[in-house]
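Summary of the model geometry
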Amino acid sequence: MGAGRVAAIDGEHFEELMADLEASLRELTQAADRGPALWSRGLPRKWTAGQHVSHIAITLDATAVPFEQRVPSLKRGELPPGPNRGFLQTMWVFLVVRRAKMPRGGKTPPPFEAGAAPDREATLKSLREGLERHRAIGAGLSPEERDQLWIPNPFHARWHYTFSEILRVHAVHARHHASLIAEIPRGA
């Protein structure tokens, strides 16, 4: 399978999903490291490379926290099944999770926006910590538990993601922002 492709989005394929997420974060940071000044450079009225990386770190944290909070309920058998999905959410999951396509042009909600000048080392540390927090969550669960664990979508509260799905969403999201960073030197 090529970069960004995984066999299945389920708890049984946790290691593969984690490897894909790790690869996507590596692609993101490599995109931001293509030139010494790129971290603080952006297109007019767009984010800098550092802000793109910081945004991904923020979103990793935004999903790690509620998953960590829900694990005890899951372990006690008290986490209800995820809600049914409507047509729009089903299409979104198909597009992003299954087809690995992230639409362009969405507006980032303020809690997930990066600061004006993110510190490179602190941002990269936060990115690594977000990855490891997701790895620790999944490593402590059986394949079945990974499929049962879900959270409301932090970006669209009426929707939800399973743990396996969020690993894929983060990988697709990181690659999306890596492609936006790649446009900065070209002035696209």
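In the block above lies the structure referred to throughout.
My aim in this report is to walk through the structure given alongside it, one point at a time. Note that the coordinates shown come from a computational prediction; the quantities given were computed from them, not determined experimentally. Here the residue index of a chain counts from 1 through its sequence in written order. Local features in this predicted model are restricted to residues whose pLDDT is 70 or higher, and side-chain atom pairs enter the listing and the counts only when it is 80 or higher, whereas totals over whole chains, interfaces and linings include all residues. The basis for the side-chain values is all heavy atoms of the structure; hydrogens and waters are excluded.

Overview of the environment of Pro111
Helix and strand definitions here come from DSSP, where helices need a minimum of 4 consecutive H or I residues and strands a minimum of 2 consecutive E residues; each element is numbered from the N-terminal end. Counting through the fold element by element, Pro111 comes out in the loop between helix H3 (87-98) and helix H4 (120-139). The spatial distance from the C-alpha of Pro111 to the C-alpha of Thr59 is 9.3 Å, given a sequence separation of 52 residues.

Topic: the pattern of salt bridges
Once their charged atoms are close, side chains differing in charge can pair, the charge on each being opposite to the other. The working definition used for a salt bridge is a side-chain nitrogen of Lys or Arg within 4 Å of a carboxyl oxygen of Asp or Glu. If you walk through the whole model with that rule in mind, you get 15 salt bridges. Between Arg133 and Asp61 there is a salt bridge; the shortest N-O distance is 2.4 Å. One end of the pair, Arg133, is in helix H4; the other, Asp61, is in helix H2 (residues 49-75), and 72 residues separate them in sequence. Taking relative accessible area as the criterion, Arg133 reaches 24% and is therefore assigned partly exposed. Residue exposure (1.4 Å probe, protein chains only): buried if accessible area is under 20% of the type maximum, exposed if over 50%, otherwise partly exposed.

Let's talk about the packing of aromatic side chains
Pairing of aromatic rings covers Phe, Tyr and Trp, the last through its six-membered ring, and needs centres within 6.5 Å; plane angles under 30 degrees mean stacked, over 60 mean edge-to-face, and all others mean tilted. Counting across every chain of the model gives 4 aromatic pairs. Taking the centre distance of 5.3 Å and the plane angle of 90° together, the rings of Phe67 and Phe163 count as edge-to-face. Remark: Phe163 occurs in helix H6 (residues 163-186) and Phe67 occurs in helix H2; sequence separation between them is 96 residues. Phe163 shares its class with Phe67; the two are buried. Judged by centre distance (6.4 Å) and plane angle (45°), the ring pair of Trp92 and Trp159 falls under tilted. Of the two residues, Trp92 sits in helix H3 while Trp159 sits in the loop between strand E1 (150-152) and strand E2 (160-162), which places them 67 residues apart along the sequence.

These results come straight from atomic positions and should not be treated as a statement about function.
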